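Chain residues, written in single-letter form:
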Amino acid sequence: MTLRHFFKTPKGLLTIVLVILAAIAAPHEGVGIAAPGLLAAVMVSAALDLVILRTRHTRWDVPSGAVLTALIVAMVLSAQTPWYIVTITSGLAVISKYLVRTRAGNVFNPAALAIVATFPIFHAGQSWWGALPEVTPLAQLALLAGGVFIADRVNKMPLVLVFLGAYYLLFTMAAFVSDPAWVSEVFRAPDLQAVLFFALFILTDPPTSPVKYPDQVIFALIVAVTSFAIFEWLGAVYYLLAGVLVANVWEAWRRVHRRSGAAFPGGIAVFAREISPWRPRRL
């Protein structure tokens, strides 16, 4: 694949959009603060994935997925996070794609899984600086325009719209039946921009989200309800990312069930074998 052709693919286009967003956001965070973690994560993750891909195939492949994963991890974690924590988290995200997967692909969104899994260890903050919460309202249009373009390109706009509708409906209802101050932050910066970034760039990850519209609706509702429940009951900073991980399990189960025909609860054993890291892989 030529470089010109790559940048016409969804992965290539998403890479361009994320780089543009990072370039807009970095000066507001401080280039000297944001750049080390971002660059280290991208380089190390790309090198790691390059080696893994070479051991699985007979030729060298471009580690485009690792670059995207590293960009997302770095742009979600606080810009002040030490560069080595961003790099370790990104590296674990890349490895997770090969450890937990079905025949159809990886089960979890790798960036979301790595950030949630490493939080108890590093307690890294999540400022979602790549979502442009600190820039002018006019510059924030870049997030919306780029995100809508990508979501439409991968045919996931129903997923985005259903999630946003259900998410804000749940929090609006909570504001009326409980303390509105507790949920008001989700309607303000930086949470507002973080939700848009999440919905447009993480939720729509093609390998881990459904293709058909009815399945997208269910997937979106699972994410919205789970994220809301975790926010309300635990107040965990990673409530959005945890929500998509739960929906990822449902989507992986749906794919395995469709192929094997194994129903619940007997299908649990089939599903467990399918995602086991020790199952022989088809190259």
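Here goes a summary of the coordinates provided.

Definitions and limits used
- Residues numbered from 1 in each chain as written.
- Predicted model: local features only at pLDDT ≥ 70, side-chain atom pairs only at ≥ 80, totals over all residues.
- Heavy atoms only, no water.
- Helix = DSSP H or I, 4+ residues; strand = E, 2+ residues; numbered from the N terminus.
- Rg over C-alpha atoms; globule rule 2.2 N^0.38 Å.
- Buried < 20%, exposed > 50% of the residue type's maximum accessible area, 1.4 Å probe, protein only.
- Contact = heavy atoms within 4.5 Å.
- Expected span 1.5 Å × (residues − 1).
- Polar contact = N/O pair within 3.5 Å; in protein donor to acceptor, adjacent residues only side chain to side chain.
- Axes fitted to C-alpha atoms, helices over the stretch in contact; angles between N-to-C directions.
- Parallel < 35°, antiparallel > 145°, perpendicular 65-115°, else oblique.
- Left-handed = near helix turned anticlockwise from the far one by under 90°.
- Nonpolar A, V, L, I, M, F, W, Y, C, P; charged D, E, K, R; others polar.
- Phe/Tyr/Trp six-rings, centres within 6.5 Å; stacked < 30°, edge-to-face > 60°.

Looking only at helices and strands, the chain features 13 helices and two strands. A compact globule built from 283 residues would reach a C-alpha radius of gyration of about 19 Å, and the chain, at 19 Å, matches this within 12%. Taking the principal axes of its C-alpha atoms as reference, the chain extends roughly 50 × 45 × 35 Å. Evaluated residue by residue, the chain yields a buried proportion of 51% over its 283 residues. Put simply, 75% of the contacts in the chain that link residues at least 6 apart link residues at least 24 apart.

Attention now goes to helix α6 (residues 110-122). Here α6 spans 17 Å end to end across 13 residues, near enough to the 18 Å set by a 1.5 Å rise per residue. Those residues of α6 lying buried are P110, A111, A112, A114, I115, V116 and T118. Those residues of α6 that are buried lie in contact with α4 (64-76), α5 (83-99), β2 (105-106) and α12 (239-260). The N-terminus of α6 is capped by N109, whose side-chain oxygen sits 3.2 Å from the backbone nitrogen of A111. Following α6 by one or two positions, H123 adopts a phi angle in the positive range, close to 50 degrees.

The interhelical angle for the contact between helix α3 (residues 31-56) and α5, taken along N-to-C directions, is 25 degrees, at an axis separation of 8 Å. Viewed along their axes, α3 and α5 adopt a mutual orientation that is roughly parallel. Of the two possible hands of crossing, α3 and α5 adopt the one that is right-handed. Of the residues in α5, those touching α3 at P36, G37, A40, A41, V44, S45, L48, D49, I52, L53 and R56 are W83, V86, T87, S90, G91, V94, I95, K97 and Y98. Here the residues of the contact of α3 with α5 are counted per class, giving twelve nonpolar, five polar and three charged.

Attention now moves to the packing of aromatic side chains. Using the criterion set out here, one finds 13 aromatic pairs in the structure. With a centroid separation of 5.4 Å and an interplanar angle of 65 degrees, the aromatic rings of F119 and Y238 are classed as edge-to-face. Taken as a pair, F119 in helix α6 and Y238 in the loop between α11 (213-233) and α12 lie far apart in primary sequence, 119 residues in all. Members of the aromatic cluster, each reached through a chain of ring pairs, are F163, Y167, Y168, F171, W182, F187, F198, F228, F231 and Y239.

Here we come to α12. Spanning 22 residues, α12 covers 32 Å between terminal C-alpha atoms, matching the ideal 32 Å at 1.5 Å per step. Trailing α12 by a residue or two, G261 shows a phi angle of about 80 degrees, which is positive.

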